[in-house]
Amino acid sequence: MTAPASSPLLAALDQLRVAVASCAFPLELPAAHQARRTQQSVTDQLSDYILPRLSRLDAPLLVVVGGSTGAGKSTLVNSLVGRRVSQPGVLRPTTRSPVLVLNPEDRAWFASNRVLPGLARTTGTTGTAGTAETPGTPGTPGTPGTPGTPGTAGDGTAGNSLQLATDETVPLGLALLDAPDVDSVVTENREMADQLLAAADLWLFVTSAARYADAVPWGFLRRAVERTVAVALVLDRVAPQAIDEISAHLREMLDEQGLGQAPLFVVPEVPLHHQGPIPLNAVMPLRIWLGNLAADSAARAAVVRQTLEGAIVHLIGSTPSLVSAHVEQLDAIGRLRADADRIYRAAGARVTEGTADGSLLRGEVLARWQEFVGTGELLRSLERRIGWLRDKLSAALRGRPAPENELTEAVETGLEAMLRAAAESAAEQTSAAWRQTPAGTALLEQDGPALEYISPDFRETASRAIRDWQGYVMQLVREEGSDKRSVARVLAYGVNGIGVTLMIVVFASTAGITGAEFGVAGGTAVVGQKLLEAIFGDQAVRTLAARARKNLDARVEALLGAELLRYLQRLDALGVYPDVPERLAAATDAAAALR
Ligand SMILES: Nc1nc2c(ncn2[C@@H]2O[C@H](COP(=O)(O)OP(=O)(O)O)[C@@H](O)[C@H]2O)c(=O)[nH]1
Ligand SMILES: [Mg+2]
């Protein structure tokens, strides 16, 4: 086999890796948990095994020795090598850094970060032959709670590291990795075992006479079958008189599970001296088999091809579940977004309506307006005595010490209260809508601004927006008043008085201007309407009112839009992108076509 460093398949799988990495499952939805695991295992499988292996098909074979606690893995590795490279013993369920034993000439390949790039390499104490030996501890497997023991092989705090041990006895082209127990009580160990087996070209699965029927190892073996990983088995620690019976039973089980073709080596249990090695003759068949495999490049290539193809097929088969889990996230986010959008749009519409239908012409605003134009009396006599009213009005506008300022303030207060009520109710409704799902609830409870309430600076922002609008209305009046025909009258009534009158007219623009049904609000505004018409003419008043209204609507929309944005930002921050499913599906198809 050659080294297709830039093969199309390699490029396609690298694309697939990128696409898989761009999937995101931040919301707790039904498929999320499994999808995160699948994403992790697919990513690991690509970077730990498929990509490095595919880029160097002729690289040394990685044989991972796996199995349950106490099966005899470490002892077996030590016995095959002929010295203690990995610490045996089951007394210390600590995090262990697995030991990789290899021929010194294969060192470059495994020392580089091409294989298992996530694991740092350590070399034990001296970096020469015998490095992984445990100084001063033969026969004393140590006590729990001494993780600091210097130089303890295969032990210690470096959970995410790989310990390299070189030895001439390891055949060139083949490395043995003593993996943590697949059923370790330490989670990190189990996960590490999982990751290492996923990086193997060949599983050397060790089981013991006492444990060969256990469920956990069989779970692993089934996975190997599923992915067509090359597997060889060692039935370890069998009492010599039970060898026939137990190996026959195990063979039967292997047949049933689709592993009938896997080589099986039986190692009889013999008394060991201080956790020492198994006598050489007991491991000789296995040692010879491994040696032959290492020496036969065609056999090695066949093992690689089998495991690699199985891994790629499995990988390609697992991306649809990632696509659908990502779509599940997108759908949930879409619903949350739609809830927030709908509620804030409705709130905006309510404010727009409320600032036009006369609702604002109540309470303080109404009182100030009446004070501003005179008395309620004036309103009642409006229809008959419009000319007289105009005189009275102008007197009122000129004669009083700026009552329009109080009216302007009342308008600001009234408008601010209306906006705030709308924003408060929208925040309440949106959080209630989000609370209906666990995913939405989790989002609300995330760190950050409390979304159940309006923004802390809402009142201030709203007041500023209203004052800016009032300033805009005054400016409109000033501009309109600069016209020769009206300048005198504008001066007579005062820009502020006319401006605030225009506001009142805007607030009743759907409520009475058309005439037929004057409520209090309509009647109230009609006075202003008549006044403005007298100053500017009907057409100009209509235009002014329309411009003032448009400007107000835009400000309301901006204010509520900023409130809504807080929710949308929280959704955006999840990093679930809509183009991912398509890209992942395309990358999968591309890889599948090249396989
Ligand atoms: N008598 C005997 N003891 C063994 C044999 N293999 C392993 N052991 C002991 O069983 C314990 C666990 O072995 P170890 O190699 O650490 O198993 P691992 O957990 O699979 O790595 C150690 O105390 C070993 O000395 C064997 O063939 N014969
Ligand atoms: Mg061990």
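Our subject is the structure listed above.
Since the structure is predicted, the reported quantities are computational estimates derived from the model, not experimental observations.

Mind showing me how you'd approach the sheet that holds strand β1 (residues 61-67) here?
Within a beta sheet, neighbouring strands are joined by backbone hydrogen bonds and run either parallel or antiparallel to one another. Pairing within the open sheet is mixed, and its eight strands lie in the order β3-β4-β2-β5-β1-β6-β7-β8. Each edge of the open sheet carries a strand with a single partner, namely β3 (120-122) and β8 (264-268). On average, adjacent strands in this sheet sit at an angle of 25° to one another, irrespective of strand direction. Sheet topology note: the strand β6 (residues 202-208)/strand β7 (residues 230-238) ladder contains seven bridges and is parallel. If you follow V206 over to β7, its bridge partner there is V234.

So what exactly am I meant to see when it comes to the side chain of S161 here?
In this structure, S161 sits in strand β4 (residues 161-166). Ignoring sequence-local partners within four residues, the contact set of S161 consists of S97, P98, L119, A120, T122 and M192.

What is the right way to read the site of ligand 1 from this model?
Around ligand 1, the structure places 18 residues, and the nearest of them are K73, T75, G89, R237 and Q275. One of the backbone N or O atoms of G72 is found 2.8 Å from an oxygen atom in ligand 1. In the model, an oxygen atom of ligand 1 is placed 2.7 Å from a nitrogen or oxygen of the K73 main chain. Contact with the protein chains hides 89% of the accessible area of ligand 1, taken as 560 Å² for the molecule alone.

Just checking my understanding: could you explain helix α17 (residues 495-507) for this structure?
Because each turn of an α-helix spans 3.6 residues, side chains separated by three or four positions in sequence point in the same direction. If you check α17, its first and last C-alpha atoms are 18 Å apart, about what 13 residues at 1.5 Å a residue would give, namely 18 Å. Across the 13 residues that make up α17, a large majority, twelve, are buried. Those residues of α17 lying buried are V495, G497, I498, G499, V500, T501, L502, M503, I504, V505, V506 and F507.

What exactly am I supposed to notice about the side chain of R570 here?
Along the chain, the position of R570 falls in helix α19 (residues 538-572). Within polar-contact distance, the side chain of R570 engages the backbone oxygen of P449 at 2.8 Å. Excluding residues within four positions of it along the chain, R570 makes contact with L443, L444, Q446, D447, G448, P449 and L451.

Mind showing me how you'd approach the pairing of strand β5 (residues 174-178) here?
The two faces of the sheet receive side chains in turn, since in a regular strand these alternate between them. Extensive coverage of β5 is indicated by the burial of five of its five residues. Burial along β5 is two-sided: L174, L176 and D178 and A175 and L177, pointing in opposite directions, are all buried. Bridge analysis of β1 against β5 gives five bridges, and the strand direction is parallel. By the bridge assignment, L61 is partnered in β5 with L174. With three bridges connecting them, strand β2 (residues 99-102) and β5 associate as antiparallel partners. What sits directly across from V101, in β5, is L176.

Which parts of the structure should I look at to understand the packing of aromatic side chains?
Aromatic ring pairs are defined here through the distance separating the ring centres and the angle between the ring planes. Enumeration according to the criterion identifies six aromatic pairs in this entry. Ring centres 6.0 Å apart and planes at 25° place the aromatic pair W203 and F205 in the stacked group. Accessibility assignment for this pair places W203 and F205 in one class, buried. Both rings, one in F265 and one in W289, keep their centres 5.4 Å apart while their planes meet at 55°; by these two values the pair is tilted. Of the two residues, F265 sits in strand β8 while W289 sits in helix α8 (residues 280-295), which places them 24 residues apart along the sequence. Members of the aromatic cluster, joined through ring pairs, are W203, F205 and F220.

Definitions and cut-offs
- Residues numbered from 1 in each chain as written.
- Chains lettered and ligands numbered in written order.
- Predicted model: local features only at pLDDT ≥ 70, side-chain atom pairs only at ≥ 80, totals over all residues.
- Heavy atoms only, no water.
- Pairing = 2+ DSSP bridges.
- Helix = DSSP H or I, 4+ residues; strand = E, 2+ residues; numbered from the N terminus.
- Axes fitted to C-alpha atoms, helices over the stretch in contact; angles between N-to-C directions.
- Contact = heavy atoms within 4.5 Å.
- Near = heavy atom within 4 Å.
- Polar contact = N/O pair within 3.5 Å; in protein donor to acceptor, adjacent residues only side chain to side chain.
- Areas by Shrake-Rupley, 256 points an atom, 1.4 Å probe, with all protein chains shown as cover.
- Expected span 1.5 Å × (residues − 1).
- Buried < 20%, exposed > 50% of the residue type's maximum accessible area, 1.4 Å probe, protein only.
- Phe/Tyr/Trp six-rings, centres within 6.5 Å; stacked < 30°, edge-to-face > 60°.

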